[in-house]
Amino acid sequence: MLNTDFGEPLDKLCPKCGSANLIHSVEAQAVRFPYGPGDVLMATVDVQVPVTTCGACGDAWTDARAESVREEAVLQRLAELKA
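Residues numbered from 1 in each chain as written. Predicted model: local features only at pLDDT ≥ 70, side-chain atom pairs only at ≥ 80, totals over all residues. Heavy atoms only, no water.

Undergrad: So what's going on with the environment of serine 68? Which residues, and what values?
TA: With respect to the secondary-structure elements, serine 68 resides in helix H1 (residues 64-82). For serine 68, a relative accessible area of 42% gives the class partly exposed. Serine 68 sits 25 residues away from alanine 43 along the chain, and the two C-alpha atoms are 18 Å apart. (Helix = DSSP H or I, 4+ residues; strand = E, 2+ residues; numbered from the N terminus. Buried < 20%, exposed > 50% of the residue type's maximum accessible area, 1.4 Å probe, protein only.)

Right under this line is the structure:
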């Protein structure tokens, strides 16, 4: 089941144009990260993150909520790789 409970969006206005016409969605992303001795190996983990898009100018961004999701997924995947 897709987790869409990320809490309240952090931005209320577009940082680029100042519009309050913000659209909130969830986007699939693949996060690549190094691991192993000397961090020479690369692994990928798929995550679902909250994305905010400005309906006025089209700019899109993620915030600290998405970074938290990415970080948690990487840490979980690293634990699995070490097991």
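Undergrad: Outline H1, supporting the account with residue identities and numerical values.
TA: Over its 19 residues, H1 runs 27 Å from end to end, which matches the ideal 27 Å to within 8%, given 1.5 Å per residue. Every buried residue of H1 is accounted for by Arg65, Ala66, Arg70, Ala73 and Val74. The inward-facing, buried residues of H1 abut strand E1 (22-35) and strand E2 (41-54). For H1, the N-terminal capping position is held by aspartate 63, with its side-chain oxygen 2.9 Å away from the main-chain nitrogen of arginine 65. (Expected span 1.5 Å × (residues − 1). Contact = heavy atoms within 4.5 Å. Polar contact = N/O pair within 3.5 Å; in protein donor to acceptor, adjacent residues only side chain to side chain.)

Undergrad: Summarise the pairing of E1; cite the residues concerned and give the values.
TA: Two strands pair when backbone bridges link them, and E1 and E2 are joined in this way by 14 bridges, in the antiparallel orientation. Within E2, the residue paired with tyrosine 35 across the bridge is leucine 41. Counting the residues between successive antiparallel strands, the hairpin from E1 to E2 contains 5 residues, one of them, glycine 36, with a positive phi of roughly 90 degrees. (Pairing = 2+ DSSP bridges.)

Undergrad: Describe the pattern of salt bridges, naming the residues involved and giving the relevant values.
TA: Using the criterion set out here, one finds 3 salt bridges in the structure. Residue glutamate 67 is joined to arginine 70 by a salt bridge in which the shortest nitrogen-to-oxygen separation is 3.2 Å. Within this pair, glutamate 67 and its partner arginine 70 are both found in helix H1, separated by 3 residues, close to a single helical turn. The exposure class of arginine 70 is buried, given its relative accessible area of 14%. Here glutamate 80 ties to arginine 77 by a salt bridge, and the two come within 3.3 Å at their closest N and O atoms. Taken together, the residues span about one helical turn, with glutamate 80 and arginine 77 both in helix H1 at a distance of 3 residues. (Salt bridge = Lys/Arg side-chain N within 4 Å of Asp/Glu carboxyl O.)

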